[in-house]
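# Architecture and fold: a report
The primary structure of each chain is shown beneath.
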Amino acid sequence: MNKFNLMMATALAAGLVAGAAAAQEKVRIAFTDPLSGPFATTGTQGLAIYRHSVKELVNEPGGLLDGIAEFEMVPFDNKISAKESLIQLQVAMDQGIRIIAQGASSGVANALTEAVAKHNRRNPDDPVIFLNHSAVDPALTNDKCQFWHFRFDANADIKMDALTDDIAANPDIKKVYVIGQDYSFGKAVAAAAQRFLQEKRPDIEIVGNELHPIGKVKDFTPYARKIVGSGADAVITGNWGGDMVGLGKAVMGAGFDKPIYTYYGATSGITAAFGEEGDGIVKLVGAGQVNPAPTPEAQEFIEAFYVSFPDLDFGQPQMANVAPMLAAAINEVGNATDIKAIAYALEGMEYDSIVTGKTLMRESDHQTIQTVTVQGQTPEAAFDYDNSGRGMVAETVVELASNDSPTTCEMKRP
Amino acid sequence: MALFLVNVLDGFVTGLLLFMLCSGLTLIFSMMGVLNFAHASFYMLGAYFAYQISLVTGFWVGLLVAPLIVGLIGALIERYGLRRVHKYGHVPELIFTFGLALLIEETIQFFWGKSQLPFSEPAALDFAAFAIAGNAFPAYKVFMIAVAMGIFLTLLYILTKTRIGMTIQAALSYPETVQNLGHNVPLVFMCVFGVGTAMAGLAGVIAGPVLGVFPGMALQLGSIVFVTIVIGGLGSLWGALVASLIIGWLQTFATAYDVTAEQVLTAIGFTKPELIWDHPLQDLWTLTLPQLGPILPYLLMIIVLVLRPQGLMGNRES
């Protein structure tokens with residue numbers, strides 16, 4: 001009897017393994033973002049969003065190619081360094097991975113997009129596709145655009161377009177102070193703010209436009225004094241990380257109680273650091289929205305995210321689009337190995353996202369067009385950030401934001 | 001004028017905060033003869049401990065307990081680490097403190113993670129003490145001034161007016177003689193190290209809510225602390241105070257006033273090139289004082305080293 005049981009168990013196990021093997025053809029995505037060092041939170045959060053969307057939106061509902069394959073995330077730690085990223089790209093390619101995802105830092109994205117383009121020029125039969133989920137330097141889909149790069153986030157100009165819509169609609173705002181970090185992104189934000197404000201509300205006066213050294217300012221109080229002293233009705237900043245916290249706390253501490261428009265003024269500890277003081281003041285522009293969940297599916301999806309990752313935030317909704325859109329392209333092509341056909345399928349794709357509404361991968365420059373929202377910090381958010389009891393709720397919603405925005409991209413197609 | 005006053009006060013707060021860090025470091029320097037690279041790490045430890053304690057008991061207990069724990073850790077490190085390394089000379093000591101700084105940073109990341117921690121000022125001090133022409137001056141900053149001044153006066157009193165202070169000063173200058181007179185010099189050193197690190201810890205506690213609690217906070221202040229004690233004169237308490245205040249005001253005023261290179265250059269007779277965006281000297285013409293601010297302390301250090309190598313108030317080492 002015992003022997004029989006054992007035989008049965010062995011047979012059963014063998015059957016399970018065989019069954020699993022059938023469904024276990026893995027399509028691997030190399031996730032290349034900082035997973036250690038000061039920006040590890042960003043990478044860890046992104047990886048969690050990917051894993052969750054791969055599981056909930058692709059693998060569990062039926063996998064790829066009628067269930068014979070599924071996605072697998074393979075994390076690579078690039079320490080947010082361009083040099084390290086190129087090494088990791090090589091490692092990933094050596095392991096046979098042809099799908100590369102990255103997003104933290106436009107500097108890294110610039111290096112990767114060049115490396116991928118070069119590789120594909122030299123190996124036209126074995127190309128690599130680069131899925132950029134959050135690097136927002138406009139150049140990536142303009143002067144530096146290339147066929148193998150796809151951006152899923154709204155770029156800095158698109159975000160500024162939506163942000164200035166919100167400002168333009170507020171007649172109380174007559175003076176704006178623009179402050180940012182002294183590098184390419186900070187300058188791009190300042191230039192875009194100036195351009196869009198001039199276009200939409202020429203009566204608004206830009207009372208300050210300054211750049212501060214990135215990551216070097218210990219105390220933002222003198223900047224805060226200048227902002228208060230200038231009589232500004234709103235602040236616009238592209239600051240992130242410690243510079244965002246420092247600036248925000250100093251400005252609010254100096255008695256500024258008007259809107260502070262940010263690109264990265266939430267999650268990763270920032271919402272908790274601002275606390276009650278930031279309610280009604282801190283605004284954030286971003287793709288899609290978390291609060292209120294735009295669809296019942298999104299509600300369920302985000303709830304499940306917080307169950308699986310209670311210590312992390314669902315901070316970048318657009319990242320949940322990458323896996324399902326890629327899956328749609330693979331299913332359309334009928335296999336997961338013809339990267340060129342997959343890239344062509346992704347180009348021009350229309351996708352109904354649960355978090356970013358109607359979403360298009362624009363053919364001309366591979367820039368995703370989607371819902372962009374301006375969100376405000378409040379304690380009445382269903383899904384909070386940093387377990388702080390407060391979160392970001394959409395206040396202005398722009399569907400298919402900047403759909404008609406121009407691009408300087410001259411795409412060369414293989 | 002109102003804004004000038006506000007900036008004077010802000011710079012004063014920045015300077016005093018710097019002083020709390022430097023006072024301990026400069027004492028430890030006169031004792032060990034080498035810089036303690038891990039000093040800013042004790043500042044960071046203070047902030048993290050206070051945050052952790054404040055979760056359970058509120059801010060005030062953290063303010064008292066966290067520096068004590070940091071001081072105790074500092075004393076233990078001196079007793080069981082530095083003292084053993086000391087006999088091999090200065091270079092191993094230097095490397096020891098350097099390694100310690102890295103170790104503390106990694107340990108902190110291991111336990112508390114890499115993001116900013118929500119450490120805020122106590123509710124009792126979360127209001128504007130007064131306002132000068134619409135610029136609120138938080139009550140918490142008044143509290144910071146009071147704590148730093150209290151520490152300075154206490155230290156000054158202990159070091160110059162009490163028996164313990166005299167023993168310490170004697171032990172710092174002539175350790176062998178003091179030892180021969182029957183004092184326990186190693187114990188004195190351990191206490192100085194403990195008190196110095198405790199003060200760094202205290203600085204961390206009170207700076208945490210203002211400057212933020214994150215793993216990079218030690219690195220951010222690390223270099224400026226060394227610059228300050230070099231300017232003030234290594235080993236001099238008064239020097240540390242004067243240099244801290246100078247740097248505090250220097251940085252605040254440099255950021256506060258938007259003097260541009262263009263204004264200066266045109267004032268002394270140069271004309272701005274028409275096509276500035278393609279001009280080779282574009283960076284020079286578009287420079288502003290706030291951009292220069294962060295390098296001014298280093299510039300000052302170089303000037304002081306050239307003109308007065310012993311620092312503003314230091315005694316030349318023979």
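In this text the structure is predicted, and so the values were computed from the model without any measurement.

Calculation criteria
Every chain is numbered on its own, with residues counted from 1 as its sequence reads. Whichever chain is written first becomes A and whichever ligand is written first becomes 1, with later ones labelled in order. Totals for whole chains, interfaces and linings use all residues, but because this is a predicted model, local features are given only for residues with pLDDT of at least 70 and pairs of side-chain atoms are given and counted only at 80 or more. Put simply, DSSP H or I for four residues or longer makes a helix, DSSP E for two residues or longer makes a strand, and each gets a number counted from the N terminus. Values of the radius of gyration come from C-alpha atoms, whereas the globule rule sets the reference at 2.2 Å times the count of residues to the power 0.38. Residues with at least 20 neighbouring C-beta atoms inside 10 Å of their own are called buried, those with 12 or fewer are called exposed, and the rest are partly exposed, where every C-beta is derived from the backbone. Distance between backbone-placed C-beta atoms decides contact: two residues are in contact if it is within 7 Å. At least two bridges found by DSSP between two strands is the condition for calling them paired. Boundaries between domains were set according to an automatic or database domain assignment. Amino acid classes used here: Ala, Val, Leu, Ile, Met, Phe, Trp, Tyr, Cys and Pro are nonpolar; Asp, Glu, Lys and Arg are charged; the rest, including Gly, are polar. Looking down the strands as they point away from the viewer, one classifies a crossover as right-handed if the path from the first strand across the helix to the second runs clockwise. Core membership is restricted to buried Ala, Val, Leu, Ile, Met, Phe, Trp, Tyr and Cys residues, and these are joined into a nonpolar core through C-beta atoms within 7 Å. Only C-alpha atoms enter the line fits that serve as axes; for helices the fit covers just the stretch in contact. Angles between N-to-C directions range over 0 to 180 degrees. Angular relationships are summarised with four words: roughly parallel below 35 degrees, roughly antiparallel beyond 145, roughly perpendicular across 65 to 115, and oblique for the angles in between. Helix crossings get a hand from a simple test, with the near helix turned counterclockwise from the far one by less than a right angle marking a left-handed crossing and a clockwise turn marking a right-handed one. Multiplying 1.5 Å by the residue count of a helix minus one yields the expected span of that helix. Per residue, pLDDT captures the predictor's confidence, and it can take any value from 0 to 100. Bending is quantified residue by residue as the angle between axes fitted to the seven-residue window ending at that residue and the seven-residue window starting at it.

Attention now moves to the overall build of chain A. Secondary structure summary: chain A contains 12 helices and 15 strands in total. A compact globule built from 414 residues would reach a C-alpha radius of gyration of about 22 Å, and chain A, at 23 Å, matches this within 12%. Projected onto the principal axes, the alpha-carbon positions of chain A cover approximately 85 × 55 × 35 Å. The 414 residues of chain A split such that 54% are buried. Sequence-distant contacts, at least 24 apart, represent 72% of the contacts inside chain A between residues at least 6 apart.

The number of helices and strands found in chain B is 14 helices and two strands. Relative to the 2.2 N^0.38 estimate, which gives 20 Å for 318 residues, the radius of gyration of chain B is 22 Å and therefore close to what a compact globule would have. Counting only C-alpha atoms, chain B reaches 75 × 50 × 40 Å along its principal axes. When the 318 residues of chain B are sorted by exposure, 46% land in the buried category. When contacts within chain B are restricted to residue pairs at least 6 apart in sequence, those whose partners lie at least 24 apart make up 76%.

It is common to report an interface's size as the accessible area lost on association of the parts. The partner chain A presents 30 residues to the 30 residues of chain B that form the contact. When contributions to the side of chain B that touches chain A are tallied by element, the ones reaching two or more residues are α1 (2–32), β1 (128–132), β2 (135–138), α9 (217–232), α10 (237–256) and α13 (289–292) of chain B. The element best represented in the side of chain B that touches chain A is α1(B), accounting for five residues.

This next bit is on the sheet that holds strand β12 (residues 357–361) of chain A. Residue and element names in this part refer to chain A. Strand order in the open sheet formed by three strands is β11-β12-β13, with antiparallel pairing between adjacent strands. Across the chains shown, the open sheet's two edge strands, defined by having one partner strand only, are β11 (350–353) and β13 (368–369). Both β11 and β12 contribute to a ladder of four bridges, which runs antiparallel. Considered in β12, the bridge of E350 is made with L360.

Attention now moves to the domain arrangement of chain A. All names here are of chain A. The domains assigned to chain A are domain 1 (8–155 + 294–369) and domain 2 (157–291 + 372–398). With 19 residues of domain 1 in contact, the opposing surface of domain 2 contributes 16 residues. Partitioning the side of domain 1 that touches domain 2 into residue classes produces nine nonpolar, seven polar and three charged.

Let us look at the pairing of strand β6 (residues 175–181) of chain A. Residues and elements named next belong to chain A. By the criterion of burial, β6 is predominantly enclosed, with six of the seven residues buried. Read from β6 through helix α6 (residues 184–200) to strand β7 (residues 205–212), the crossover connection turns out right-handed. With four bridges joining them, β6 and strand β8 (residues 234–237) adopt parallel strand pairing. Within the sheet, the bridge partner assigned to Y177 lies in β8 and is V235.

Moving on, we come to the nonpolar core. I100(A), L131(A) and V235(A) are the most contacted members of the largest nonpolar core, which totals 125 residues. Here the element with the most residues in this core is helix α11 (residues 319–333) of chain A; it accounts for nine residues. Those residues in contact with I100(A) that sit more than four places away from it in its chain are A30(A), T32(A), L89(A), A92(A), L112(A), V116(A), V128(A), F130(A) and L131(A). In this structure, A101(B), F119(B), V210(B) and L234(B) belong to the second largest nonpolar core, which totals 81 residues.

What follows is about the environment of P175(B). Within the fold, P175(B) resides in helix α7 (residues 175–180). Distance in space between the C-alpha atoms of P175(B) and G212(B) is 40 Å, their sequence separation being 37 residues.

Below, the discussion takes up the sheet that holds β6(A). Residues and elements named next belong to chain A. One open sheet accounts for seven strands, arranged β7-β6-β8-β9-β10-β14-β15; its pairing is mixed. Since the sheet does not close on itself, it has two edges, and those belong to β7 and β15 (391–398), each with one partner. Across this sheet, the average inter-strand angle for adjacent strands is 25°, counted without regard to direction. Docked against the sheet, α6 engages β6, β7 and β8, running at close to 160° with respect to β6. Along the sheet face, helix α7 (residues 221–229) touches β6, β7 and β8 and points at about 170° away from the line of β7.

Our next topic: the packing of helix α2 (residues 39–57) of chain B against helix α8 (residues 185–211) of chain B. Residue and element names in this part refer to chain B. Where α2 contacts α8, the two axes come as close as 7 Å, and the packing angle between them is 55°. The orientation of α2 with respect to α8, classified from their angle, is oblique. Two packed elements cross with a definite hand, and for α2 against α8 that hand is right-handed. Contacts between α2 and α8 involve H39, F42, Y43, M44, L45, G46, A47, A50 and Y51 from the former and T197, A200, G201, L202, A203, G204, V205, A207 and G208 from the latter. Broken down by class, the residue content of the contact of α2 with α8 amounts to 12 nonpolar, six polar and no charged.

The next subject is helix α2 (residues 40–59) of chain A. Helix length check: α2(A), at 20 residues, gives a terminal C-alpha distance of 26 Å against a target of 28 Å (1.5 Å per residue), a fit within 8%. The buried count for α2(A) comes to 16 of 20 residues, which makes it a mostly enclosed element.

Another point: unusual backbone geometry. All names here are of chain A. The step from N291 to P292 runs through a cis peptide bond, and the omega angle for that step is -20°. Summarising the element assignment, P292 is placed in the loop between β10 (282–287) and α10 (296–308). One non-glycine residue, L65, adopts positive backbone phi at about 50°. By the secondary structure assignment, L65 is in the loop between α2 and β2 (69–77).

This part takes up the environment of S353(A). All names here are of chain A. Here S353 is to be found in strand β11. When the C-alpha atoms of S353 and A298 are compared, they prove to be 9.0 Å apart, with 55 residues separating the residues in sequence. S353 has contacts with N321, T359 and Q370, leaving out every residue within four places of it along the chain.

The subject of this paragraph is the confidence of the model for chain A. Looking at chain A, pLDDT values average 90 and 94% of them are 70 or higher. Within the model, the stretch residues 15–22 of chain A combines pLDDT values under 50 with zero contacts to residues more than four positions away or in other chains.

This part takes up helix α3 (residues 59–86) of chain B. Residues and elements named next belong to chain B. Between the first and last C-alpha of α3 there are 37 Å, a value that for 28 residues agrees with the 40 Å anticipated at 1.5 Å per step. Of all the bends in α3, the largest measures some 40° and sits at E78. Looking only at α3, the buried set comprises F59, G62, A66, P67, V70, G71, G74, A75, I77, E78 and L82. Looking at the buried side of α3, the elements it contacts are α2, α4 (90–112) and α8.

Our focus in this paragraph is the pairing of β1(B). Residue and element names in this part refer to chain B. Of the strand pairs in this sheet, β1 and β2 are connected by four bridges, and their pairing is antiparallel. Residue pairing for β2: I132 is matched across the bridge by N135. Taking the residues that link successive antiparallel strands as the turn, the β1-β2 hairpin has two residues, and the phi of A133 there is positive, at about 50°.

Take the packing of α3(B) against α4(B) next. Residue and element names in this part refer to chain B. Contact geometry for α3 and α4: axes closest at 8 Å, N-to-C directions at 145°. Relative to α4, α3 is oriented so that their crossing is right-handed. Contacts between α3 and α4 involve I77, G81, L82, V85 and H86 on the former and, on the latter, P92, E93, F96 and L100. Split into classes, the residues belonging to the contact of α3 with α4 amount to six nonpolar, two polar and one charged.

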